[in-house]
Structures are given as structure tokens and as C-alpha cells.
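# What the coordinates show
So you can see what is in the structure, the chains are spelled out below.
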Number of protein chains: 2
Amino acid sequence: MRAALLSVGTELLFGQITNTNTVYLSQKLNALGIDVMYHYTVGDNPERLAEMIETSFKDCDIVLTTGGLGPTQDDMTKEIACQVMGDELVMHDDILDYIRKRMLAYKAVMTDNNIKQALLPSRCRVFFNDAGTAPGFALDRAKPDCPGERQWIACMPGPPKEMTRMFEKSVQPWLEKLAEGCLFYREIMTFGIGESDLETVLFPVIDGQTDPTVATYAKDGQTSVRVASKRATKQEAEQAVAEMIGRIEELIGQYIYSFDGESYAKVVAELLIKKGLTVSSAESCTGGMFAAALTDIPGVSECFDRGLVTYSNRAKIEELGVKPDTLEKYGAVSEETAMEMAEGVMRASGSDIGISVTGIAGPDGGTEEKPVGLAYIGFVYNGKAECRKINRTLKDRNRNRNNAMLSMFDMIYKNIY
Amino acid sequence: MRAALLSVGTELLFGQITNTNTVYLSQKLNALGIDVMYHYTVGDNPERLAEMIETSFKDCDIVLTTGGLGPTQDDMTKEIACQVMGDELVMHDDILDYIRKRMLAYKAVMTDNNIKQALLPSRCRVFFNDAGTAPGFALDRAKPDCPGERQWIACMPGPPKEMTRMFEKSVQPWLEKLAEGCLFYREIMTFGIGESDLETVLFPVIDGQTDPTVATYAKDGQTSVRVASKRATKQEAEQAVAEMIGRIEELIGQYIYSFDGESYAKVVAELLIKKGLTVSSAESCTGGMFAAALTDIPGVSECFDRGLVTYSNRAKIEELGVKPDTLEKYGAVSEETAMEMAEGVMRASGSDIGISVTGIAGPDGGTEEKPVGLAYIGFVYNGKAECRKINRTLKDRNRNRNNAMLSMFDMIYKNIY
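The rules behind the values
- Residues numbered from 1 in each chain as written.
- Chains lettered and ligands numbered in written order.
- Predicted model: local features only at pLDDT ≥ 70, side-chain atom pairs only at ≥ 80, totals over all residues.
- Heavy atoms only, no water.
- Phe/Tyr/Trp six-rings, centres within 6.5 Å; stacked < 30°, edge-to-face > 60°.
- Helix = DSSP H or I, 4+ residues; strand = E, 2+ residues; numbered from the N terminus.
- Buried < 20%, exposed > 50% of the residue type's maximum accessible area, 1.4 Å probe, protein only.
- Contact = heavy atoms within 4.5 Å.
- pLDDT = per-residue confidence, 0-100.
- Expected span 1.5 Å × (residues − 1).
- Pairing = 2+ DSSP bridges.
- Salt bridge = Lys/Arg side-chain N within 4 Å of Asp/Glu carboxyl O.
- Polar contact = N/O pair within 3.5 Å; in protein donor to acceptor, adjacent residues only side chain to side chain.
- Buried area = accessible area lost by both parts, 1.4 Å probe.
- Axes fitted to C-alpha atoms, helices over the stretch in contact; angles between N-to-C directions.
- Parallel < 35°, antiparallel > 145°, perpendicular 65-115°, else oblique.
- Left-handed = near helix turned anticlockwise from the far one by under 90°.
- Nonpolar A, V, L, I, M, F, W, Y, C, P; charged D, E, K, R; others polar.
- Core = buried A, V, L, I, M, F, W, Y, C linked by side-chain atoms within 4.5 Å.
- Arc of directions from axis to C-beta.
- Disulfide = S-S within 2.5 Å.

Moving on to the packing of aromatic side chains. Given two aromatic rings, one states the distance between the centres and the angle between the planes to describe the pair. The final tally for this structure, using the stated rule, is 24 aromatic pairs over all chains. These aromatic residues form a ring-pair network of at least three members: Phe 191, Tyr 257, Tyr 264, Tyr 413 and Tyr 417 of chain A.

Encoded structure:
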């Protein structure tokens, strides 16, 4: 079964809001084994909306719309959908009664606009809205080019809270009956290998592969691999994905840190907690990004006690006990300084692991000997001390900082896993 | 001039990523006076992509695509766009040279895939990519139904960092020449007022306004107001915008911190440097977000020396000298602790200003007395000590942390401006 998502609302075309409805619905439909073929967005204009609904039916059995069901003048999805699907609006007394009760509960006055909301296509299936006043509905018609088959439109309100609640309570059960097949996928997260290299290495399993499909993605300096299978049962799909993941693991196992699309911070935080280990951080060029990413994970106080952002040499000396001699002899961006930083923060906090970073984020401040992009990650744990040198010579401050931060998580992960 | 946005990538149809590119481009194009008519999304499939490009040209003079320009097998936007626009791919030696230099800088091996990236339509205008390896391009053709007129496609990479950088450096200047009239706009950044309140207050200047246009946006807990004018000359547009900004300043002056769309971190960093002041930070619930945001600004070492992330009570005592009595009597999330944290970090660093935050980020850990969302910001400077209480009772960890971080910048700004 193939679906298109149609978002209605001029505010989307102005970039005033981010379309999270398509993300939510795409995930939900794919999980139901329904292929999402296209996303469309159109403004609050009757002619363009009517044409866009017809366009959306191209290749697709079902169109799910969000937005344009409200009580105001520029809400017209109901009227246009009804017109395109060849039905007419009639008053649904049960809905009118339901809206009246809701308005009463809100202590709000029932206006003509609210009464209008109970006008719905005569032969539609109604989806109640218990998070707002606009009801949703589904409506079908004969396929124009194949009148023996049916196609459906399902219209839902735009506000995410109303839409997701309506989807879960009413639309999903209805779709489950309509759809066939089961999709299952996992997302392999990697660090330390670029998208292009990844695809070269994975070529034997990607090439000519139809099910499971294997695709690579790049985001924020990390690459991921999505493995997806669609089979008659969920069990078959899961098994096909598991087999493919086994083959992929043989090829790129050393770069993988998650099979479920999680951030490196989350994976490391969970691993630390599981092992009963604590970490403390000393950051220079990343300026607190490591600590901020780690504390983004709820419950991280179990494994993280403190992080010191020592941006100046003086701060490194005073807060971490880095020796002035070390800074003078080797410089702030050096293996020696990185190691003293890691040792210093571990000593100060009494944590099991000390992790540090010092580098030149750029865009300026580099020299021939120590170029922008150079960074050292220091790691101390259980009598072991290790330093990793990063040398990217990239001018981009954001990417250098982000990569240094991820390398800190990578260094911890590789050492304690 | 009318535009359609076409996003390419199966990952979007799976709901794996949120499409922020359309938000960004919609805002930018509207600001340039280009009407965004439709958004489309299609997967990595050659036939469907080709058809979708043709569909996108319906009603529109220009189609902007994002995604599918990478070096891997499922990236095919370049090939298909070239085919639809009636051109052929040829090797561009200057681009090949540019990519080679970039790969060298990454210390990465140049693969066949990378060489393929220098294959571009023969008569295209190339957009260099200095945040990645995939170049973008623009290409035109005669309008199929009106051969005297031209229509354009502009293809950009999908990763937001690469796309936004390419747009700002190359695509926007190119579009400005294509579009008619002179557009000028400024973006007023505010903090401390919600979008709905902002719209109510600004109603007198928004209502019925056609030029300059005034529009409000909400993003990451902040609201901004874009004032745009399109006139015959740049000078006229600038003057119209300046007059409107004067009226807006009278209404919401106390919430404004920038007229040029800058982040609060950047505004505060520049202000500190300009005034020759230094700051140090002590963070609990934000876990380093303040320090990370501040150090995102190049040259910030002039005003920032250190930041201490003291997540546990012990760290607050040891690193900042917070009194155990204070923690016991008032708790970690209290005005008293916030003030001792700010004083402690100022004392340790010898900076002019000490700023601190302690709060309950959630989703758990709240009590009736101290609910999730409660936070205290401590500020000390030049003998002055001040505390701000934030009480949002919102369960969202990200939003609570982000708001607390912005409040720290707000507190500094309001006190030293």
C-alpha cells in the first residue's frame, strides 16, 4: 500500500513552522508497512489545494492530509476534499453534540464557526478529536483510472497534539485494516568513517540489494546505515534485517556504536551507568559541548559529577593542576597538556575516568606546526593513560568542535566497551 | 517570481529526519520576495524524481532541490536534473581540483566516488561547497509551454550545514539577481516574550500591512520579528524598514537584543569584548550549554576564561566553595545556592562577572515545592548580586535547559548593556 502526505497551510510555505507532522506520520506509516512515497505541502488556496489532492493520488492508494480543518475562513480542507472525492457536506448531529459538550467543558461560547465543524462529508468515517474541536474523517472514491479499485483520503487537524492523538486513537486502527505487509528497520550508527568510504566498503551488500535495503546517511559528522525489510510478517522482516546486520558487522564492526540510531552521548551514558563507572571532563576547544551533550541525557548524574571548561592557560593551571612548565614547553595544544588535563579532572572529581580535549577550533589561531583542526584527546582510567591526536586541518569551527566532542565519546566507548 | 522546494531522500519518507531545509529556504526565499508555492518530497528513485521535478515546475519559475548530491549510489539528483533540463554531465576540472584539495586537507583518500562529484551539467552555474565535497549548481531551460521564457533548477546538498552555507554564499546572491526589485530586511531578535503575545502587541503594525511586511517567528524558545520591504531601490527599502523598526521598538523595545538575527551568545560575547569585561560560568542543570554556546563564537577567549559544570552537590562544594550548610538548608535548586555558585566561579577565575544556573531540567526529579522547570540564575558583577527565578513547570528537558541557558545570556545583557 502506497501513501502520500499532504500538509496544508500557508504558514509552512513561509517557513514559520517546522513540519513535524510528516516526520511523525512517515514513521508511523512505515511501521505499519505502508510505503510513504511523497510529501506535499500547499497553501490555503482552494484551487491549488484541489489540484494538489489530485496530484497526491498519483501512484498512491491513500492520501493523508494535515491542517486546514479549523473553524476559520482559511480552513478549507474539508470542503475541497469533499469536492474532489465526489461527496457533499451534511450536518452530523452526533458530532455537533460532541463539539457542544467539549465547548461546555471549556466554558466557551458555541459560535457559528463551531457549528460548521459538524458539517462533514455524507459518507465519511469520522475520527473524533478529543484534543481540540475539529473532527477528522476518511473518505473513499473509485480510482479514476481503474474504477474497480478504491482510493482513500484521510483528513486530520494540523496542530501536532490533536493530530497525533487522533492518529493513535482512530486513524491507525483504521489503517491497520487497510494495509498489508510488515516493515522493520534498524539504524546502525558509526563514527570514524566517512559516508563515501562506508559505501565503498559496503558495496558488496548494497549492490543489487532489494530486500533488505541498505542505505547510508551523513549527519553532524557521523554516518549511519539504515537496514530495512518488508515481509509478510514482522518476524520475517526482523530476521532478514538481523541477517543483513550480521554481514554489515563483519565489514564495518569496528566503527559501529549503536544499532538503534542513538546519539553517541546516550550510548556512552548508558554504558557508563551499566558498568557503574563515573566520568569527569576537562574541555578547552569544545568549551563544554561534551558536558552539555552528556547532560542532555536524563539520569546522567549517576555517571557524571562535573566538567571543567578551562579555556585559558591560567584556568588549566588553577582548575586542573596542569604544570606551567608543560604549557610553556609543549603548548596548550599538545599531548602533554591533554594528559595533564585528564589526570587533573579525574583527581579533582575522584571519578573513575578522566577525559579531556585541547585543540585549535579555528577559523583563526593556527600555525604551520599546529594548524586549525589539530586536537588532542586525553583519556585516563584504571592506571591506563592514552592520547588520541586529531589532525583534520579543516577551517570550519563548528565541525572541528563537533568532531572533537564526538571523539571524546568515541575514546571512552572504545576503552570501556 | 514563484518557487517550489523539492527535498530528495528516502530518509525523509521514513521519517528519520525532520526537514529543516524547507523551513530555512522558505524563510529565505520569502525574505527575498520570492513566493514559495509548494514543498515536495520524493525518495531516491530515478523515475519518481524525474517526474517530481516536472511536477515541481508547475506554476513555478524556479525549483530548489536539496539532497541526493552526495558521492554514493543512491545520490542521483545531479543526473536526473541534468536529464530533465536537457543537458549532459561533463568533467569540470576546476571542481575536481577543488575537491582534491579538500580531500587532501581531510587527509582522506580520493575515491572514484569523489571524482564523480566533479561531473556536472555542461552549461550549469556551479555553487562551491566549502563545508563538504558535493558541489551544487543551477541550470535553466526554456519553459516547455512558453519557450520564450526560462525556468531554473538550483540543486543543493541535503546536510543542513552544507546547504545553508552554500545558500548564503552562492545561491542567495544568484537569486537576488534573478528576482526583481530590491528587497531589504532586518530580523529583530527578542527574548522574554512569547510569539502569541508578541503578535498581540504588534497587531497595530502587522494588521493590513503590505510593505514593509512584519512577521513573527518562533525558534528554540526565542521569538523574532522580520521586517521586510521590497522597493525600486535599496535605499527606499532600507528607509521603509528603518521607519517600521522605529515603531516596533516603541512597542517591544525592552525585549529586543539584536536587529540582525544574531544569537544571544554572539551579542553578549561582542558586548563583553567591547566593554572589556570578562565572565565565568557555573552551570548545573544546563551542564555546559552556556559555555558551549559562548565558545561557539570565535575570539571569545578575550572575555571568557573558564566555566565550571558542577552537576553534583560535591562538585558545587569543591569547585565553587558553595557551603554544605546552604545546600542542606535551601537545597541545590535555590536562590542561595545559585548566588554562591556565581560568587564562587567569579572568585576562582578573577573574572568581572560571575553567572550561574541551578534548576530541575526534568523530565523527572521535580517535587510539588520544586517542580520540573524551576531554575535560578545567579549574577554577580561589580558589587551587585542578583538572582532571577524561572518557573515554567514544563516537562520538556530540552526546552527547560535551553531557556535557562538563554536566561543566563539575558541576565548578563540586561545588566551590562
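Next comes the rest of the account.
Looking along the chain, the bond that leaves Gly 362 of chain A and enters Pro 363 of chain A is cis, with omega of 5°. Mapped onto the fold, Pro 363 of chain A is located in the loop between strand E15 (353-359) and strand E16 (374-381). With phi around 55°, Asn 382 of chain B is a residue other than glycine that occupies positive phi space.

Next up on the list: the environment of Asn 30 of chain A. Position of Asn 30 of chain A among the secondary structure elements: in helix H2 (residues 20-31). A residue is classified by how much of its surface remains accessible, and Asn 30 of chain A, at 3% relative accessible area, is buried. Spatially, the C-alpha atom of Asn 30 of chain A lies 9.4 Å from that of Tyr 185 of chain A, the residues being 155 residues apart in sequence. Beyond its immediate stretch of four places on either side in the chain, Asn 30 of chain A contacts Asp 35, Val 36 and Leu 183 of chain A together with Leu 13 and Phe 14 of chain B.

What follows covers the confidence of the model for chain A. Overall, the predicted model of chain A reaches an average pLDDT of 91, with 99% of residues at or above 70. This prediction of the complex comes with two scores: 0.73 for pTM and 0.72 for ipTM.

In this section: helix H10 (residues 264-275) of chain B. All names here are of chain B. Under the 1.5 Å per step criterion, the end-to-end length of H10 is 16 Å for 12 residues, consistent within 8% with the ideal 16 Å. Every buried residue of H10 is accounted for by Tyr 264, Ala 265, Val 267, Val 268, Ala 269, Leu 271 and Leu 272. Buried residues in H10 make contact with strand E12 (256-258), strand E13 (279-283), helix H11 (289-294), strand E15 (353-359) and helix H15 (397-416). Gly 276, located one to two residues past H10, shows a positive phi value of around 70°.

This brings us to the pairing of strand E1 (residues 2-8) of chain B. Residue and element names in this part refer to chain B. In terms of residue burial, E1 counts as a mostly covered element, since 6 of its 7 residues are buried. When E1 meets strand E2 (residues 35-42), the two strands line up parallel, connected through 7 bridges. What sits directly across from Val 8, in E2, is Val 42.

Below, the discussion takes up the pattern of salt bridges. Considering all chains together, one arrives at 47 salt bridges over all chains under this definition. The closest approach of N and O atoms between Asp 140 of chain A and Arg 150 of chain A, which form a salt bridge, is 3.1 Å. Of this pair, Asp 140 of chain A sits in strand E7 (residues 136-143) while Arg 150 of chain A is found in strand E8 (residues 146-156), placing the two residues 10 residues apart along the sequence. Taking the shortest distance from any N to any O, the salt bridge between Asp 140 of chain B and Arg 123 of chain B comes out at 3.3 Å. Within this pair, whereas Asp 140 of chain B is found in strand E7 (residues 136-143), its partner Arg 123 of chain B is found in the loop between strand E5 (119-121) and strand E6 (125-127), the two being separated by 17 residues in sequence. Using a relative accessible area of 38% as the deciding quantity, one classes Arg 123 of chain B as partly exposed.

A few words on the environment of Thr 216 of chain B. Position of Thr 216 of chain B relative to the elements: it lies in strand E10 (residues 213-219). Overall, the relative accessible area of 3% leaves Thr 216 of chain B in the buried class. Spatially, the C-alpha atom of Thr 216 of chain B lies 9.2 Å from that of Ile 188 of chain B, the residues being 28 residues apart in sequence. In contact with Thr 216 of chain B, other than residues within four places in its own chain, are Gln 16 of chain A together with Glu 195, Leu 198, Glu 199, Leu 202, Ile 206, Ser 224 and Val 225 of chain B. Within polar-contact distance, the side chain of Thr 216 of chain B engages the side chain of Glu 199 of chain B at 3.1 Å.

A few words on the interface of chain A and chain B. At the junction of the two partners, chain A supplies 81 residues and chain B supplies 77 residues. In this assembly, chain A packs against chain B so that about 6,300 Å² is buried in total across both faces, 48% of it on carbon and sulfur atoms. Where chain A touches chain B, the interface holds 8 salt bridges. Note that Glu 319 of chain B and Arg 306 of chain A form a salt bridge whose closest N and O atoms lie 2.9 Å from each other. One can count 34 residue pairs in polar contact (both at pLDDT 80 or more) joining chain A with chain B.

Residues and elements named next belong to chain B. Spatially, 4 strands are ordered E10-E11-E9-E12 in an open sheet, and the strand pairing comes out antiparallel. Each edge of the sheet is formed by a strand with only one pairing partner; in this case those strands are E10 and E12. Here the average twist between neighbouring strands, direction ignored, is 35°. Across the face of the sheet, helix H2 (residues 20-31) comes into contact with strand E9 (182-190), E10 and strand E11 (222-231) while running at roughly 130° to E9.

All names here are of chain A. As a packed pair, H2 and helix H7 (residues 160-178) sit with axes 11 Å apart at the nearest point and diverge in direction by 20°. The angle between H2 and H7 places the two elements in the roughly parallel class. Handedness of the crossing formed by H2 with H7: right-handed. Between H2, through Thr 20, Asn 21, Tyr 24, Leu 25, Lys 28 and Leu 29, and H7, the contact on the second element is made entirely by Pro 160, Met 163, Thr 164, Phe 167, Glu 168, Gln 172 and Leu 175. A class-by-class count of the residues in the contact of H2 with H7 yields 7 nonpolar, 4 polar and 2 charged.

Next up on the list: the nonpolar core. Judged by nonpolar contacts, the single largest core of 66 residues is most densely connected at Leu 6, Ile 53 and Ile 153 of chain A together with Leu 6, Ile 53 and Ile 153 of chain B. The dominant element in this core, judged by the number of residues it contributes, is helix H5 (residues 93-106) of chain B, at 5 residues. In this view, Ile 153 of chain A contacts Ile 53, Phe 57, Val 63, Thr 65, Ala 81, Met 85, Phe 137, Ala 138 and Leu 139 of chain A; residues no more than four positions away in its chain are not counted.

All names here are of chain A. Here helix H9 (residues 234-252) spans 26 Å end to end across 19 residues, near enough to the 27 Å set by a 1.5 Å rise per residue. All of the buried residues in H9 are Ala 237, Ala 240, Val 241, Met 244, Ile 245, Ile 248 and Ile 252. Each buried residue of H9 sits inside an arc of 135° when the element is viewed along its axis, so together they form one side. Residues of H9 that are exposed and point more than 90 degrees away from the buried face comprise Gln 235, Glu 243 and Glu 250. Buried residues in H9 make contact with strand E9 (182-190), helix H8 (195-206), strand E10 (213-219), strand E11 (222-231) and strand E12 (256-258).

Tallying each qualifying case throughout the model produces 0 disulfides over all chains. Summary of cysteine pairing: Cys 387 of chain B is not part of a disulfide, and the nearest cysteine sulfur, belonging to Cys 285 of chain B, is at 12 Å.

A separate point is the side chain of Arg 397 of chain B. Structurally, Arg 397 of chain B can be placed in helix H15. Within the local environment of Arg 397 of chain B, its side chain forms a polar contact with the backbone oxygen of Thr 295 of chain A, the two atoms lying 2.4 Å apart. Ignoring any residue separated from it by four or fewer positions in sequence, one finds Arg 397 of chain B in contact with Thr 295, Asp 296, Ile 297 and Pro 298 of chain A together with Tyr 311, Ala 361, Gly 362 and Pro 363 of chain B.

Residue and element names in this part refer to chain B. Summarising the sheet, E9 and E11 pair through 9 bridges and their orientation is antiparallel. Across the sheet, residue Arg 186 finds its bridge partner in E11, namely Val 227. In the sheet, E9 pairs with E12 via 2 bridges, with the strands oriented antiparallel. Among the inter-strand pairings, Thr 190 is bridged to a residue of E12, identified as Ile 256.

With respect to topology, 10 strands assemble into an open sheet ordered E17(A)-E16(A)-E15(A)-E13(A)-E14(A)-E14(B)-E13(B)-E15(B)-E16(B)-E17(B), the strand pairing being mixed. For this open sheet the edge positions go to strand E17 (384-391) of chain A together with strand E17 (384-391) of chain B, each flanked by a neighbour on one side alone. Recorded for the sheet is a direction-independent mean angle of 10° between the axes of neighbouring strands. Across 5 bridges, E13 of chain B lies against E15 of chain B in parallel orientation.

All right, on to the side chain of Asp 74 of chain B then. Relative to the assigned elements, Asp 74 of chain B resides in the loop between strand E3 (62-66) and helix H4 (77-85). Side-chain polar atoms of Asp 74 of chain B contact the side chain of Thr 72 of chain B, separated by 2.9 Å.

This brings us to the packing of helix H8 (residues 195-206) of chain B against helix H9 (residues 234-252) of chain B. Residue and element names in this part refer to chain B. Orientation of H8 relative to H9, taken along the N-to-C sense of each, is 140°, at an axis distance of 10 Å. Taken together, the axes of H8 and H9 lie oblique to each other. You can see that H8 and H9 cross each other, and the crossing is right-handed. Within the contact between the two elements, H8 uses Leu 198, Val 201, Leu 202, Pro 204 and Val 205 and H9 uses Met 244, Arg 247, Ile 248, Leu 251 and Ile 252.

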